[in-house]
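Chain residues, written in single-letter form:
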Amino acid sequence: MQLYNNLSAEERATLIEQAGKERLTISFYSYAKIGNPEIFRNHLFIAWNELDVLGRIYVAHEGINAQLSVPADHFQEFKDHLDSISFLEDVRLNIAIEQDNFSFLKLKVKVREKILADGLNDNTFDVTNKGVHVDAERFNSLIEDPNTVLVDMRNHYESEIGYFKNAVTPDVDTFRDSLSIIEEDLKMHKEDKNLVMYCTGGIRCEKASAYYKHKGFKNVYQLEGGIINYVRQVQEKDLENKFIGKNFVFDQRRAERISEDVIANCHQCGKPCDTHVNCANEACHLLFIQCPECAEKLSNCCSKECAEIAALPYEEQKALRRGQIKSNMIFKKGRSEVLKYK
Ligand SMILES: [Zn+2]
Ligand SMILES: [Zn+2]
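Residues numbered from 1 in each chain as written. Chains lettered and ligands numbered in written order. Predicted model: local features only at pLDDT ≥ 70, side-chain atom pairs only at ≥ 80, totals over all residues. Heavy atoms only, no water.

Novice: For the packing of aromatic side chains, give the residues involved together with the corresponding values.
Specialist: Using the criterion set out here, one finds 14 aromatic pairs in the structure. Measuring from centroid to centroid gives 6.4 Å for F28 and W48, while their planes differ by 80 degrees, and the two rings are edge-to-face. A residue pair is termed long-range when its members are at least 10 positions apart, and F28 in strand 1 (residues 23-31) and W48 in helix 2 (residues 37-50) qualify at 20 residues. Assessed through its relative accessible area of 2%, F28 is described here as buried. Overall, W48 belongs to the buried group, its relative accessible area being 0%. Through a chain of ring-to-ring contacts, three or more aromatic side chains come together here, namely F139, F164, Y198, Y230 and F243. Here R41 stacks its cationic end above the ring of Y4, 4.9 Å away from the centre of that ring. (Phe/Tyr/Trp six-rings, centres within 6.5 Å; stacked < 30°, edge-to-face > 60°. Helix = DSSP H or I, 4+ residues; strand = E, 2+ residues; numbered from the N terminus. Buried < 20%, exposed > 50% of the residue type's maximum accessible area, 1.4 Å probe, protein only. Lys NZ or Arg CZ within 6 Å of the ring centre and 35° of its normal.)

In structure tokens:
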């Protein structure tokens, strides 16, 4: 039985193009007790590979976190398969706002320690004792309440290009850092303020809300289904949109435009720009914001040095990389010293 991809990203992209079929980009998560993640992982891979599903899926003892794309004409079969799994029956599916047939080019189902890297010891609190889920309408009115503190639970490179007006956006690189910063900032208001939080699709708030309740916060709310689901409701119910800029997403699209506001700047020249790119030097791969002019000037790289390396023949680049630790683990996203405006 084939349990791994046998096509490269390029081969897959060609197949998708030839098929000419519409694909849906979807994300969902569920906290559940999974006895044997390995077996569950294989089960998913076999079933979804059959349906031509592509994406990045994490499975752990604590549940599943999935970002994927499925051909529109297989959607019903895919949904039926989800419904056949007890803890995924009627799971909320976040359907992307901006569709792109090439959002994922491989099917990767991975067994992980956690479905969300949180740096927390799970035994200390109960993740199922979570905050109140609110829909877009309730969220809009809650965040108008002067007694509300609105917190963005995402990382700096995500909120840099888009956020809810008046939200606190911690300048952090990890979810764990966010948790402690917010806790410290709000420790005097555990009982008198509404703590309202949001993230991309809801999974981070699921953990965070349980964490803050465990830490003694009394009024904890989370945006159900995150920004993705909020925008969908705003469109369907014609509500006021309070999100400005772009919603950062974790697939090839990198972001969905939500409002026309461009709130970020090119990290190289400072001009208004909110397009994330990865440095074209594979050994660097730094994620940063770059305008078309700077991209042209620096051959899609973060620095002159990277542009020089990227211009070398592939074999020479490989030789240079040998023995180095993966540099994208060293560089923080959008935080390299080589960037002037960050
Ligand atoms: Zn620029
Ligand atoms: Zn670079």
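Structure's up, so let's keep going.
Novice: Talk me through the coordination of the zinc ion (ligand 1); I want residue IDs and the actual numbers.
Specialist: Taken together, the protein ligands of the zinc ion (ligand 1) are C266 (SG), C269 (SG), C291 (SG) and C294 (SG), with distances of 2.3 Å. Around the zinc ion (ligand 1) sit 4 donor atoms; with metal-centred angles ranging over 103 to 115 degrees, the donor geometry is tetrahedral. Look at where the donors of the zinc ion (ligand 1) fall in the sequence and you get C-x2-C-x21-C-x2-C. (Donors = N, O, S within 2.8 Å, 3.2 Å for Na, K, Ca; no water. Tetrahedral: all angles 85-135°; square planar, octahedral: opposite > 155°, others 65-115°.)

On their own, these measurements won't tell you what the molecule is for.
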